[in-house]
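Chain residues, written in single-letter form:
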Amino acid sequence: MAKKLPLNGTCAICKGTVTKKEAPKHLQKCLQPKEKNEKTTGRRKSSAKIFHLLVEGYGLSGDLYWMHLKALGRASFGDLDMFLRDTWLECCGHMSGFSAGEEEIDMNEKLSDILSPGQTWLYEYDFGSTTELLLKVVSEFEGSLKKGKVEILVRNEAPQIICNQCEKPATTICVDCIYDNQGWLCDDCAGKHGCDEEMFLPLVNSPRTGVCAYAG
Ligand SMILES: [Zn+2]
Ligand SMILES: [Zn+2]
Ligand SMILES: [Zn+2]
Ligand SMILES: [Zn+2]
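No experiment lies behind these values; they were computed from the predicted model shown. (Residues numbered from 1 in each chain as written. Chains lettered and ligands numbered in written order. Predicted model: local features only at pLDDT ≥ 70, side-chain atom pairs only at ≥ 80, totals over all residues. Heavy atoms only, no water.)

### A short note on the coordination of the zinc ion (ligand 4)
So, point 1. Around the zinc ion (ligand 4), the protein contributes the donor atoms Cys174 (SG), Cys177 (SG), His193 (NE2) and Cys195 (SG), at 2.0 to 2.3 Å from the metal centre.
So, point 2. Taken together, the four donor atoms coordinating the zinc ion (ligand 4) and their angles of 106 to 114° define a geometry best described as tetrahedral.
So, point 3. Summarised as a motif, the one-chain spacing of the donors to the zinc ion (ligand 4) is C-x2-C-x15-H-x1-C.
So, point 4. When its relative accessible area of 24% is taken as the criterion, Cys195 is described as partly exposed. (Donors = N, O, S within 2.8 Å, 3.2 Å for Na, K, Ca; no water. Tetrahedral: all angles 85-135°; square planar, octahedral: opposite > 155°, others 65-115°. Buried < 20%, exposed > 50% of the residue type's maximum accessible area, 1.4 Å probe, protein only.)

Structural data, given as structure tokens:
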């Protein structure tokens, strides 16, 4: 395994820096005051059911990559699928699916019809070179979104991955060598690397980095 140093994320609400561990509590505080204000002033503009979700890499993709999201209860699993593809995963339009236990979740189903606080479920993108994500409902509350159906609250900063050949930060992945754990390369070492350049992918901040043709 290449050396990876996990880094913090930035809270989209207060712009503060949080570690992965701190993020759930931090967000609960950051999400709360607004709610109270709205209640006391009595003017809640188009308030709707919102889920606070945690999404993280699972299995092979590891838990270095994580995001806290705010999603409308009336959004469908298909909407969430689109969002995950856009932000993290899409390389060449592979199949994907959500599942809870043994049960597959229909993409047309609404989040609020299935989810409740504390619940966890899985997402798989590409049933060949699968990227697995674990999703968790952190909380449920009334609120609104700026736009769209899903919003990022906190996302991990790009983990620092160290070149397999030297100690510099890796920037490139050789897809051919990744399975021997020799595929993480810095600019200099990528230049000297023997493999065809067609095997190179840029290192990106996603649980799908180095997989299939994913280039961010
Ligand atoms: Zn914050
Ligand atoms: Zn692909
Ligand atoms: Zn190097
Ligand atoms: Zn190579």
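### Things to note about the domain arrangement of the protein
So, point 1. According to the domain assignment, the protein consists of domain 1 (4-156) and domain 2 (162-202).
So, point 2. A separation of 32 Å is found between the C-alpha centroids of domain 1 and domain 2. (Domains from an automatic or database assignment.)

### A short note on the coordination of the zinc ion (ligand 1)
So, point 1. Listed as protein donors to the zinc ion (ligand 1) are Cys11 (SG), Cys14 (SG), His26 (NE2) and Cys30 (SG); their distances from the metal cover 2.1 to 2.3 Å.
So, point 2. One way to put it: the four donor atoms around the zinc ion (ligand 1) meet at angles of 100 to 120°, and that makes the site tetrahedral.
So, point 3. In the primary sequence, the donor residues of the zinc ion (ligand 1) line up as C-x2-C-x11-H-x3-C. One end of the pair, Cys14, is in the loop between strand S2 (9-11) and strand S3 (17-18); the other, Cys30, is in helix H1 (residues 23-41), and 16 residues separate them in sequence.
So, point 4. Overall, Cys14 belongs to the partly exposed group, its relative accessible area being 40%. (Helix = DSSP H or I, 4+ residues; strand = E, 2+ residues; numbered from the N terminus.)

### Observations regarding the pairing of strand S6 (residues 96-100)
So, point 1. With four of five residues buried, S6 is to be regarded as a mostly interior element.
So, point 2. Inspection of the sheet shows S6 paired to strand S8 (residues 120-125) by four bridges, in the antiparallel sense. Within S8, the residue paired with Ser99 across the bridge is Leu122.
So, point 3. Between S6 and strand S7 (residues 103-105), which pair antiparallel and follow one another directly, the connecting turn spans two residues, one of which, Gly101, has a positive phi of 60°. (Pairing = 2+ DSSP bridges.)

### As for the sheet that holds strand S12 (residues 172-174)
So, point 1. Taken together, the three strands give an open sheet; going across it, the order is S13-S12-S14, and neighbouring strands pair in antiparallel fashion. Looking at strand neighbours, the two that pair on one side only are strand S13 (184-185) and strand S14 (200-202), the edges of this open sheet.
So, point 2. Here S12 pairs with S13 via two bridges, running antiparallel. Bridged to Ile173 within S13 is Trp184.

### Notes on the pattern of salt bridges
So, point 1. Under the defined criterion, the tally for this structure stands at seven salt bridges.
So, point 2. A salt bridge links Asp79 to Lys149; the nearest nitrogen and oxygen atoms lie 3.3 Å apart. Of this pair, Asp79 sits in helix H2 (residues 77-89) while Lys149 is found in the loop between strand S9 (131-143) and strand S10 (150-156), placing the two residues 70 residues apart along the sequence.
So, point 3. Exposure remark for Asp79: the relative accessible area of 23% places this residue in the partly exposed category.
So, point 4. Via salt bridges that share partners, Asp81, Arg85 and Glu90 belong to a single interconnected network. (Salt bridge = Lys/Arg side-chain N within 4 Å of Asp/Glu carboxyl O.)

### A closer look at the environment of Tyr58
So, point 1. Along the chain, the position of Tyr58 falls in strand S4 (residues 48-58).
So, point 2. Accessibility expressed as a relative area gives 37% for Tyr58, which makes it partly exposed.

### Considering the side chain of His193
So, point 1. By the element assignment, His193 lies in the loop between helix H4 (187-192) and S14.
So, point 2. Classification of His193 as buried rests on a relative accessible area of 18%.
So, point 3. Each residue touching His193, except ones within four places of it in the same chain, is listed here: Cys174, Cys177, Gln182, Leu185 and Phe200. (Contact = heavy atoms within 4.5 Å.)

### Let's talk about the pairing of S10
So, point 1. The buried fraction of S10 amounts to five of the seven residues, a majority that puts the element mostly inside the structure.
So, point 2. As paired elements, S2 and S10 share three bridges and run antiparallel to each other. Paired with Thr10 across the two strands is Arg155, which belongs to S10.
So, point 3. The sheet contact formed by strand S5 (residues 66-72) and S10 spans five bridges and is antiparallel. Note that in S10 the partner of Ala71 across the bridge is Val150.

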